[in-house]
Amino acid sequence: MFHFVVAIPCLIVIFRYLVPLKWPLWFKFLLSIVLLFVAQHHLLTLLAFGSMFSPEVPRIIVLAVNWVFGTMLFLAVLQAAVDLITLVLMAVKRRRIAIPAALRYSMGALALGVAAFAVSQAARVPAVKDIEVAIQGLPAEFEGYEIVQLTDLHISRLFEAPWVEAVVAQTNALEPDLIVITGDLIDGDLDVRRDDVAPLQALSAPDGVYTIPGNHEYYFGYPEWMAHYQTLGIETLANQHVVIENSGASLVLAGVTDFSAAGNAFPAPDVDQALAGAPDNTAIIMLDHQPRNAGGAASAGVDLQLSGHTHGGMILGFDRLVARANNGFVSGFYDVQGMTLYVNNGTGLWPGFALRLGKPSELTRITLRQG
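Calculation notes
Per-chain numbering applies: the sequence of each chain, read as written, is numbered from 1 onward. For this predicted model, a pLDDT threshold of at least 70 governs which residues receive local features, and a threshold of 80 or more governs which side-chain atom pairs are given and counted, while totals over whole chains, interfaces and linings are taken from all residues. Working from all heavy atoms in the structure, the side-chain values ignore hydrogens and water. Numbering of helices and strands starts at the N terminus; helices are DSSP runs of H or I of at least 4 residues and strands are runs of E of at least 2. When we talk radius of gyration, it's over C-alpha atoms, and the globule rule is simply 2.2 Å times the number of residues to the 0.38. When accessible area is computed with a 1.4 Å probe and restricted to protein chains, residues below 20% of their type maximum are described as buried, those above 50% as exposed, and intermediate ones as partly exposed. Computed with a 1.4 Å probe, the accessible areas rest on the Shrake-Rupley method; for each residue, only the protein chains presented here act as cover. When DSSP locates at least two bridges between a pair of strands, those strands are taken to pair. UniProt positions are given in the numbering used here, feature names are shortened, and annotations may be inferred rather than shown by experiment. As used throughout, domain bounds are those supplied by an automatic or database domain assignment. What makes two residues a contact is simply this: any of their non-hydrogen atoms within 4.5 Å. As used here, buried area is the combined drop in accessible area, with a 1.4 Å probe, of two parts when they are placed together. In what follows, salt bridge is the name for a side-chain nitrogen of Lys or Arg lying within 4 Å of a carboxyl oxygen of Asp or Glu. We call two N or O atoms a polar contact when they sit within 3.5 Å, provided that within protein one can donate a hydrogen and the other can accept it, with sequence-adjacent residues counted only if both atoms are side-chain atoms. Lines fitted to the C-alpha atoms define the axes, with helices restricted to the stretch that makes contact. Angles between their N-to-C directions range from 0 to 180 degrees. Ring pairs are drawn from Phe, Tyr and Trp, using the six-membered ring of Trp, whenever the two centres fall within 6.5 Å, and their geometry is named by plane angle: stacked under 30 degrees, edge-to-face over 60, tilted for the rest. Definition used: whenever NZ (Lys) or CZ (Arg) falls within 6 Å of the ring centre and also within 35 degrees of the ring normal, the charge is taken to sit over that ring. Among buried residues, those of type Ala, Val, Leu, Ile, Met, Phe, Trp, Tyr and Cys that are joined through side-chain atoms within 4.5 Å constitute a nonpolar core.

Here we come to the overall build of the protein chain. For the protein chain, the count of helices and strands is eleven helices and twelve strands. The C-alpha radius of gyration of the protein chain comes to 23 Å, within 12% of the 21 Å expected for a compact globule of 371 residues. For the protein chain, the C-alpha atoms occupy an extent of roughly 80 × 50 × 40 Å along the three principal directions. Split into buried and exposed, the 371 residues of the protein chain put 52% on the buried side. For the protein chain, the accessible area works out to roughly 16100 Å², and carbon and sulfur atoms hold 62% of it.

Here you go:
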């Protein structure tokens, strides 16, 4: 179904944009074939590498494919809008109206430019985003406590070691008290990603570095990856919690497995298990890759949930569709039964859809305040 849906914009571009142009037939045919291949690059990746989530090709090809794919998407939207306006004008004027060739060329140039910008925004090292979260009952000892949240790194052929090194350097420069990574650290098996994830070992914070699994960890050898994160000095929280102490006061940091775990024969996310044995009357921060189960965390007494997964919806307008697939949660702050939910736009994103417009990537510094 997915591969059929992504073919629709391609067909719009071929039959409504390319065919009417007065270009040589052979050139339009060749360009149509290229567009069809790009439209189905997820399927081709699946056939070539066994997974559509990790194309093992040079970075420049990943960038180029996303640029052409983005151009096709934006051009399809522009063409559909022009067709709709043309139909309305034809109905009003009661005569046939031809779309000028100059307008088509302008649309093509605009789509190429917008797609290039969208890819550059997706592939960049994100800027620091500062937010504050007020927690009722937060001990005075944790007033001003700083947490850096990274999420959806998707370390891959798009986000290789130099990018990871830059993210790590920027994170460490903030000198946070705690670093958390809320899932989807990788795309690819351990044997091909080992060097690219190695810079994560340099992450450093006084109260540690913690992570949870995202859905992509289950696509590429969950046990191996979770064990490898430990060797990098990153503690994993899979339906578990730790108690962070500061001058006699305490804060609970908990994490659950991903929603997709059960479908891959691993333990499903269990908030109650994650909090079992946690001290009473203590502020609780929950790490959950997908925001969809925020209501369950709120009912369990969690004060703050940090999530990712949605990549912020990636593109304004398209983010509304992403929200519908995640119980309405897609980007930023939400109040869920009195609990604060923060959905991070993502530090990286899946290389199969490396486009961002109006939903920038982020490296997030969270400062806790007494509520």
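From this point, the narrative continues.
Turning our attention to the sheet that holds strand 1 (residues 128–135). Pairing between the strands of a sheet is mediated by backbone hydrogen bonds and can be parallel or antiparallel. The six strands are arranged 1-12-2-3-4-5 in an open sheet whose pairing can be described as mixed. In the strand order of this sheet, the two ends are held by strand 1 and strand 5 (235–236), each with one partner. Pairing analysis gives three bridges linking strand 3 (residues 178–181) to strand 4 (residues 209–211), with the strands arranged parallel. The partner of Val180 across the bridge, within strand 4, is Tyr210.

Okay, unusual backbone geometry next. One non-glycine residue, Asp152, lies in the positive phi region at around 50°. Tracing the sequence through the fold places Asp152 in the loop between strand 2 (146–150) and helix 6 (161–173). Here Asp152 falls in the buried class, since its relative accessible area comes to 0%. We note that Ser247 has phi near 55°; this positive angle belongs to a residue other than glycine.

What follows covers the UniProt feature "transmembrane region" (unreviewed entry) in the protein chain. Under the feature "transmembrane region" (unreviewed entry), the UniProt entry names residues 6–23, 30–54, 60–90 and 102–123. Within the segment residues 6–23, helix and strand shares are 72% and 0% respectively, and the terminal C-alpha atoms sit 25 Å apart. End C-alpha to end C-alpha, residues 102–123 measures 32 Å, and it is 100% helix and 0% strand.

Where interface size is given, it is often the accessible area lost as the parts come together that is meant. Domain annotation of the protein chain identifies domain 1 (1–123) and domain 2 (127–370). In this structure, domain 1 and domain 2 have C-alpha centres spaced 34 Å apart. The partner domain 2 presents 23 residues to the 27 residues of domain 1 that form the contact. Roughly 1900 Å² is buried in total at the junction of domain 1 and domain 2, and carbon and sulfur atoms are behind 65% of that figure. Put simply, domain 1 and domain 2 have one salt bridge between them. For Glu56, the salt bridge goes to Arg193, with nearest N and O atoms at 2.9 Å. Here domain 1 is connected to domain 2 by eight residue pairs in polar contact (both at pLDDT 80 or more). Elements that contribute at least two residues to the side of domain 1 that touches domain 2 include exactly helix 3 (41–49), helix 4 (59–93) and helix 5 (101–123).

Applying the stated criterion across every chain, the model contains ten salt bridges. Among the ionic pairs, Arg157 bridges to Glu160, the shortest N-O distance being 3.2 Å. What emerges from the salt-bridge pattern is a single network uniting Glu56, Arg193 and Asp196.

The strand order across the open sheet built from six strands is 6-7-8-9-11-10, with neighbouring strands paired in mixed fashion. Edge positions in the sheet fall to strand 6 (240–246) and strand 10 (332–336), since each of these pairs with one other strand and no more. Neighbouring strand axes in the sheet, compared pairwise and without regard to direction, differ in orientation by 20° on average. Relative to strand 9 (residues 304–307), strand 8 (residues 284–287) runs parallel, the two being bridged by three bridges. Each residue of the ladder has a partner; that of Met286, found in strand 9, is Gln305.

Take the packing of aromatic side chains next. In this structure the tally under the stated criterion is 15 aromatic pairs. Ring centres 5.7 Å apart and planes at 50° place the aromatic pair Tyr218 and Phe266 in the tilted group. With Tyr218 in the loop between strand 4 and helix 8 (222–231) and Phe266 in the loop between strand 7 (249–255) and helix 9 (271–275), this pair connects stretches of sequence that are 48 residues apart. Taking relative accessible area as the criterion, Phe266 reaches 27% and is therefore assigned partly exposed. Ring plane angle 55° and centroid distance 4.8 Å describe the contact between Tyr222 and Phe266, whose orientation is recorded as tilted. On the criterion of sequence distance, the pair formed by Tyr222 in helix 8 and Phe266 in the loop between strand 7 and helix 9 is long-range, its members being 44 residues apart. Taken together, the aromatic side chains of Trp23, Trp26, Phe27 and Tyr105 make up a single cluster linked through ring pairs. Sitting over the face of the ring of Phe259, Arg292 holds its NZ or CZ atom 4.0 Å from the ring centroid.

Right, let's get into the nonpolar core. Counting residues in each nonpolar core, the largest one holds 70 residues, and the members touching the most others are Leu150, Leu153, Ile181, Ile186, Leu200, Leu203 and Phe353. A total of eight residues in this core trace back to one element, the largest contributor, which is helix 4. When residues are assigned to domains, this core turns out to be shared by domain 1 (1–123) and domain 2 (127–370), each giving three or more. Counting 24 residues, the second largest nonpolar core, distinct from the first, contains Ile135, Ile285, Leu287 and Leu304.

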